[in-house]
Amino acid sequence: RKEVEQDPGPFNVPEGATVAFNCTYSNSASQSFFWYRQDCRKEPKLLMSVYSSGNEDGRFTAQLNRASQYISLLIRDSKLSDSATYLCVVNAFTGTASKLTFGTGTRLQVTL
Amino acid sequence: DGGITQSPKYLFRKEGQNVTLSCEQNLNHDAMYWYRQDPGQGLRLIYYSQIVNDFQKGDIAEGYSVSREKKESFPLTVTSAQKNPTAFYLCASSLMRSGEKLFFGSGTQLSVL
């Protein structure tokens, strides 16, 4: 089982739709969680940190479910500019150091 | 403006040649990282450095070398021992040594001639 798993997509949705991505992780000792956005052939950029209580930033909502070991990203009222790949990132303390593990990403394509 | 700069944007390597990718940051971050991204795969850590004059191997360090002589700079050398170097290379820095909240450079696409 991969340490961090994401559905690669692509998710093709019309403008204005609501779309949700899930990401599962295997290490129960994982401590912190993030969503990054990556445009084609560009660098990833931090979109949101994910907290236990869930957090919202405008049209974006991130949630963490520790019991089932997954995090989610919900995008409401999708815009054309939301088209990108969304990377799930998990940070786990290995005993001597922290280790970030990246998922392979979920590609979103928003269409007219 | 503070940021992290990678150069060149595109790089071509001949067989048996060593090439060096540049990474400079003016964010005053202690920690710096090199990742490799291949199609359909997550970012994989090559090397990281949490302080000047110290660096650690990541998951795929074989065939690569780094130095950290200055806080601002963390160059990556792809040696001839790296048999499959074609990939998108990303440098990142972080204020926290735990590596959370990474800031990435714009990347270098390395290809083999």
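In short, a report on the structure. Since the model is a prediction, treat every value here as computed from it, not as a measurement.

The rules behind each value
Residues numbered from 1 in each chain as written. Chains lettered and ligands numbered in written order. Predicted model: local features only at pLDDT ≥ 70, side-chain atom pairs only at ≥ 80, totals over all residues. Heavy atoms only, no water. Helix = DSSP H or I, 4+ residues; strand = E, 2+ residues; numbered from the N terminus. Contact = heavy atoms within 4.5 Å. Areas by Shrake-Rupley, 256 points an atom, 1.4 Å probe, with all protein chains shown as cover. Lys, Arg positive; Asp, Glu negative; His and termini not counted. Charge placed at Lys NZ, Arg CZ, Asp CG, Glu CD. Core = buried A, V, L, I, M, F, W, Y, C linked by side-chain atoms within 4.5 Å. Buried < 20%, exposed > 50% of the residue type's maximum accessible area, 1.4 Å probe, protein only. Buried area = accessible area lost by both parts, 1.4 Å probe. Salt bridge = Lys/Arg side-chain N within 4 Å of Asp/Glu carboxyl O. Polar contact = N/O pair within 3.5 Å; in protein donor to acceptor, adjacent residues only side chain to side chain. Phe/Tyr/Trp six-rings, centres within 6.5 Å; stacked < 30°, edge-to-face > 60°. Lys NZ or Arg CZ within 6 Å of the ring centre and 35° of its normal. Disulfide = S-S within 2.5 Å.

## Let's talk about the overall build of chain B
Broken down by element type, chain B carries 0 helices and 11 strands. Going from N to C terminus, chain B has its helices and strands arranged as β-β-β-β-β-β-β-β-β-β-β. A fraction of 54% describes how many contacts in chain B between residues 6 or more apart in sequence connect residues 24 or more apart. For chain B, the computed accessible surface area is about 5500 Å², with 48% contributed by carbon and sulfur atoms. The average position of the 12 basic charges and that of the 11 acidic charges among the side chains of chain B differ by 4 Å.

## With respect to the nonpolar core
Soluble, globular proteins show a tendency: their nonpolar side chains are buried together. Grouped together as the largest cluster of nonpolar side chains are 23 residues, with contacts concentrated most on Phe21(A), Trp35(A), Ile71(A), Leu73(A), Ile75(A), Tyr86(A) and Leu108(A). If you list the elements that add at least two residues to this core, you get β3 (19–25), β4 (30–38), β5 (44–50), β7 (60–65), β8 (70–75), β9 (84–93) and β11 (106–111) of chain A. Listed in part, the 19 residues of the second largest apolar core include Leu21(B), Met32(B), Tyr47(B) and Phe74(B).

## With respect to the interface of chain A and chain B
Between chain A and chain B, the contact holds 20 residues from the first and 19 residues from the second. Contact between chain A and chain B buries roughly 1500 Å² in total, counting both sides, with carbon and sulfur atoms accounting for 55%. Interface area lost by chain A to chain B is led by Arg41(A), Glu43(A) and Phe102(A), which between them contribute 31%. On inspection of chain A and its partner chain B, the count reaches 1 salt bridge. Lys99(A) serves as the salt-bridge partner of Asp59(B), at 3.8 Å between the closest nitrogen and oxygen. Viewed at the interface, chain B and chain A are joined by 3 residue pairs in polar contact (both at pLDDT 80 or more). Sorting the residues of the side of chain A that touches chain B by element identifies β4, β5, β9 and β10 (98–102) of chain A as the ones contributing at least two each.

## Looking at the packing of aromatic side chains
Applying the stated criterion to the full structure yields 12 aromatic pairs over all chains. Judged by centre distance (5.2 Å) and plane angle (85°), the ring pair of Phe11(A) and Phe21(A) falls under edge-to-face. Separated by 10 residues along the polypeptide, Phe11(A) in strand β2 (residues 11–14) and Phe21(A) in strand β3 bring together distant segments of the chain. Here the aromatic cluster, defined as three or more aromatic residues joined through ring pairs, consists of Tyr36(A), Phe102(A), Tyr33(B), Tyr35(B), Tyr48(B) and Phe104(B). Here Arg68(B) stacks its cationic end above the ring of Phe74(B), 6.0 Å away from the centre of that ring.

## Concerning the state of the cysteines
Note on terminology: disulfide describes a covalent bond linking the sulfur atoms of two cysteines. The final tally for this structure, using the stated rule, is 2 disulfides over all chains. Paired through a disulfide, Cys23(A) and Cys88(A) show a sulfur-sulfur distance of 1.9 Å. One disulfide, between Cys23(A) and Cys88(A), carries an S-S torsion of -70° and so falls in the left-handed class. With Cys23(A) in strand β3 and Cys88(A) in strand β9, this residue pair connects regions lying 65 residues apart in the sequence. You can call Cys23(A) buried: its relative accessible area is 0%. For Cys23(B), the disulfide goes to Cys91(B), at an S-S distance of 1.9 Å. Between Cys23(B) and Cys91(B), the S-S torsion sits near -75°, and that sign places the bridge as left-handed. A residue pair is termed long-range when its members are at least 10 positions apart, and Cys23(B) in strand β3 (residues 19–25) and Cys91(B) in strand β9 (residues 87–94) qualify at 68 residues. Residue class for Cys23(B) comes out buried when judged on its relative accessible area of 1%. Given a relative accessible area of 0%, Cys91(B) falls into the buried group.

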